[in-house]
Amino acid sequence: MKNKIEFGTGGFRGVIGEDFNKENIELVAQAISDIIKEEKSKTPVVIGYDYRFLSDKASEWMASVFAKNGIKVLLSSEATPTPAVMFKTKQMNNDFGVMITASHNPYYFNGIKVFQKEGMDADVALTSRIEQDIQKVRKVKNMDFDEAIKEKKIEHISFLKEYVLSIKSFILPEVDGSEARILFDNLHGVGIKSLSILAKELHLKNFEVVGKRHDAFFGFALPNPTKANMEIDRKFLAKKKYDCIFGIDSDGDRLGILDEAGNYVDSNEILSCLYYYLVKYRHMQGDSVKNLATSNLLDKVTEKLGFKCHEVDVGFKNISSKIKEVDALLGGESSGGLTMRGYLYGKDSSFAFALFLEMITMMKKPISQIVKEVRDFANFHHYVIESSIAYKDDKKVLNALHNEAITFDEPVLEKKVINRNIKYIFANDSWVLLRCSGTEPVLRIFVEMENKEKAERYLQILNEYVKKIDN
């Protein structure tokens, strides 16, 4: 029995040197090669990698397996954001693409994301097939990397510039030459590769960068623009006034923002503000899409503008599929990713930033006023908390969550069980979501209530319930 390699909502991820090692990387590459041959695909495979430790070498190991299996490889000549690989896969109408990254995970993780036709995240059918085919691999075929380059079975290419130009094509020309005072915290990730080009292409006059040094340890912090990480950047406001401070995660698909006063603008607000702007100010039309963990603010804004908000399971592949199915205008999730109709079928923080910059440029208002305008328009001012609860006895806790009733302070109108998610719906557009991690004994908790006190109270109820079961 080979090592158990599982693909979750964001691909395969593992601790470097344990699950993420040369043997497993080559096994994944061989399984994908076998699928490519079974499907009789003739298109090349695009491979990209980020700044994480071993990402560059892992991309070469995968490329060498593809090359030996007779599959042409277009390997990025530089570290690149994940959405750039999705862009190139879509642009070339390729059947498969691969990115070496563990996204926002801690520095000691790395992983593999797989893309399919149109640059979409691999769906469950494909990832399940890869997992099954890994177990069938009898021998991994590979060849010397330098020899494969010499024989032109692997070709180094750069596609960053054309990727950035594709973003620019979606942005109104009025943004060109913007004088907005912007600070970008790169969080030591690969986002600087695209954002530096984008800033030049848009002729941004006041675009500054911190955290741009390549550091595979990410400063020993989580490379994710969470509220805690972004609020550290408030210190820069003491020396200089900025209209916007933003950060993106290590592979460039999640966005975090501080407004002009240093207040954190969460992903729910970013998504809702952008949808509001596109419909009300750019006069675009279409539904919205969100996942189970995303605020009802988007529902309220969408409905008041005359459209429908569609809710899907966690995993951006589900958002992309629903956008395609209903021809939605915008889709995103509470963890910081979004995309829009006509762009990539995947989240992209460089694109999201450019769209956000357009919004503040065209609306000619500070970010805090835009957020207030959107919340007042929707008449929705609920408070959101995201947290987690660790436990010891996996089987016992999960069994209780699925089969026992939790006593809340008010009646539960509906309990939804969707895959690893359990969602409790209450009156007044309030809810609680428990998401069971597939890799560790942890519950991801999302709470949205009418006010902060009530949200904290419901989080306390959940903590006490899990603790009681676990003991």
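Residues numbered from 1 in each chain as written. Predicted model: local features only at pLDDT ≥ 70, side-chain atom pairs only at ≥ 80, totals over all residues. Heavy atoms only, no water.

### Observations regarding a positive patch on the surface
- On the surface, Lys37, Lys68, Lys139 and Lys141 cluster together into a positively charged patch.
- Mapped onto the fold, Lys68 is located in helix 2 (residues 55-68).
- Classification of Lys68 as partly exposed rests on a relative accessible area of 47%. (Patch = residues over 30% accessible without salt bridge, like charges linked within 9 Å, V, L, I, M, F, W, Y side chains within 5 Å. Areas by Shrake-Rupley, 256 points an atom, 1.4 Å probe, with all protein chains shown as cover. Salt bridge = Lys/Arg side-chain N within 4 Å of Asp/Glu carboxyl O. Lys, Arg positive; Asp, Glu negative; His and termini not counted. Charge placed at Lys NZ, Arg CZ, Asp CG, Glu CD. Helix = DSSP H or I, 4+ residues; strand = E, 2+ residues; numbered from the N terminus. Buried < 20%, exposed > 50% of the residue type's maximum accessible area, 1.4 Å probe, protein only.)

### Regarding the sheet that holds strand 17 (residues 383-390)
- Taken in spatial order, the 5 strands of this open sheet run 17-21-20-19-18, and their pairing is antiparallel. Only two strands of the sheet have a single partner each, and these edge strands are strand 17 and strand 18 (414-418). Each strand axis lies, on average, 15° off the axis of its neighbour in the sheet, ignoring direction.
- Looking at chain direction, strand 20 (residues 431-436) and strand 21 (residues 442-449) are connected through 6 bridges and run antiparallel. Bridge pairing in strand 21 places Leu433 opposite Phe446. (Pairing = 2+ DSSP bridges. Axes fitted to C-alpha atoms, helices over the stretch in contact; angles between N-to-C directions.)

### Topic: the side chain of Ser350
- By the element assignment, Ser350 lies in helix 12 (residues 349-363).
- In this structure the side chain of Ser350 is engaged in a polar contact, spanning 2.8 Å, whose partner is the side chain of Ser194.
- If sequence neighbours within four positions are ignored, Ser350 has contacts with Tyr163, Ile167, Ser194, Leu195, Leu198 and Gly252. (Polar contact = N/O pair within 3.5 Å; in protein donor to acceptor, adjacent residues only side chain to side chain. Contact = heavy atoms within 4.5 Å.)

### A short note on the pattern of salt bridges
- Summed over the entire model, instances satisfying the criterion amount to 34 salt bridges.
- With a closest N to O distance of 3.3 Å, Lys57 and Glu60 form a salt bridge. With Lys57 and Glu60 both in helix 2 and 3 residues apart, the pair spans about one turn of that helix.
- Residue Lys57 is classed as partly exposed on the basis of its relative accessible area, which comes to 38%.
- Here Glu118 ties to Lys324 by a salt bridge, and the two come within 2.3 Å at their closest N and O atoms. On the criterion of sequence distance, the pair formed by Glu118 in the loop between strand 5 (109-116) and strand 6 (120-121) and Lys324 in helix 11 (residues 316-326) is long-range, its members being 206 residues apart.
- For Lys324, a relative accessible area of 41% translates into the label partly exposed.
- Linked by salt bridges that have partners in common, Lys290, Asp299, Glu311, Lys416 and Lys423 make up one network.

### Topic: unusual backbone geometry
- The backbone phi angle of Ser103 is positive, close to 55°, even though this residue is not glycine.
- Tracing the sequence through the fold places Ser103 in the loop between strand 4 (96-100) and strand 5.
- A positive phi angle, near 65°, is found at His188, a position not held by glycine.
- Secondary-structure assignment places His188 in the loop between strand 8 (182-185) and helix 7 (191-201).

### A closer look at the environment of Leu443
- Secondary-structure assignment places Leu443 in strand 21.
- In this structure, the C-alpha to C-alpha distance between Leu443 and Ala293, residues 150 residues apart in sequence, is 13 Å.
- Setting aside its immediate chain neighbours within four residues, Leu443 contacts Ser387, Ser388, Ile389, Tyr391, Leu401, Leu434, Arg435, Cys436 and Val466.

### So, the side chain of Thr127
- Relative to the elements of secondary structure, Thr127 occurs in helix 4 (residues 124-136).
- Thr127 gets classed as buried once you look at its relative accessible area, which sits at 6%.
- Other than its neighbours up to four places away in sequence, Thr127 contacts Phe7, Ala122 and Lys317.

### A word on the packing of helix 6 (residues 160-168) against helix 7
- With their axes 9 Å apart at the nearest point, helix 6 and helix 7 run at an angle of 55° to one another. It follows from the interaxial angle that helix 6 and helix 7 lie oblique. Two packed elements cross with a definite hand, and for helix 6 against helix 7 that hand is right-handed. Contacts between helix 6 and helix 7 involve Leu160, Lys161, Tyr163, Val164, Leu165, Ile167 and Lys168 from the former and Lys193, Ser194, Ile197, Leu198 and Glu201 from the latter.
- Of the residues contributing to the contact of helix 6 with helix 7, the split by class is 7 nonpolar, 1 polar and 4 charged. (Parallel < 35°, antiparallel > 145°, perpendicular 65-115°, else oblique. Left-handed = near helix turned anticlockwise from the far one by under 90°. Nonpolar A, V, L, I, M, F, W, Y, C, P; charged D, E, K, R; others polar.)

### Focus on helix 10 (residues 297-304)
- Residues Leu297, Leu298, Asp299, Val301 and Thr302 constitute the buried set of helix 10.
- Where the residues of helix 10 are buried, they touch helix 9 (267-280), strand 13 (288-291), strand 14 (309-312) and helix 13 (367-378).
- Of the residues one or two after helix 10, Gly306 is the one with positive phi, at around 95°.

### As for the sheet that holds strand 10 (residues 244-248)
- The sheet built from 5 strands is open, its strands ordered 9-8-10-11-12 with mixed pairing. Of all strands in the sheet, those bounded by a partner on one side alone are strand 9 (207-210) and strand 12 (264-265).
- Alignment of strand 8 against strand 9, held across 4 bridges, turns out to be parallel. Opposite Asp185, over in strand 9, you have Val210 as the bridge partner.

### Things to note about the nonpolar core
- Grouped together as the largest cluster of nonpolar side chains are 70 residues, with contacts concentrated most on Phe207, Phe246, Ile257, Leu330, Phe353, Leu357 and Met359.
- For this core, the element with the most residues is helix 12, which contributes 10 residues.
- Residues contacting Ile257, with those up to four places away along its chain left out, are Met230, Cys244, Ile245, Phe246, Asn263, Tyr264, Val265, Ile270, Phe356 and Ile367. (Core = buried A, V, L, I, M, F, W, Y, C linked by side-chain atoms within 4.5 Å.)

### Re the pairing of strand 3 (residues 73-76)
- Alternating residues of strand 3 divide into Val73 and Leu75 and Leu74 and Ser76, and every residue in both groups is buried.
- Inspection of the sheet shows strand 2 (residues 45-49) paired to strand 3 by 3 bridges, in the parallel sense. Looking across to strand 3, one finds that Val45 is bridged to Val73.
- You can see the chain leave strand 2, run along helix 2 and come back into strand 3, and the turn it takes is right-handed.
- Where strand 3 and strand 7 (residues 154-157) come together, 4 bridges link them in parallel fashion. Residue Leu74 lies in a different strand from strand 7, and its bridge partner there is Glu155. (Right-handed = clockwise from strand over helix to strand, strands pointing away.)

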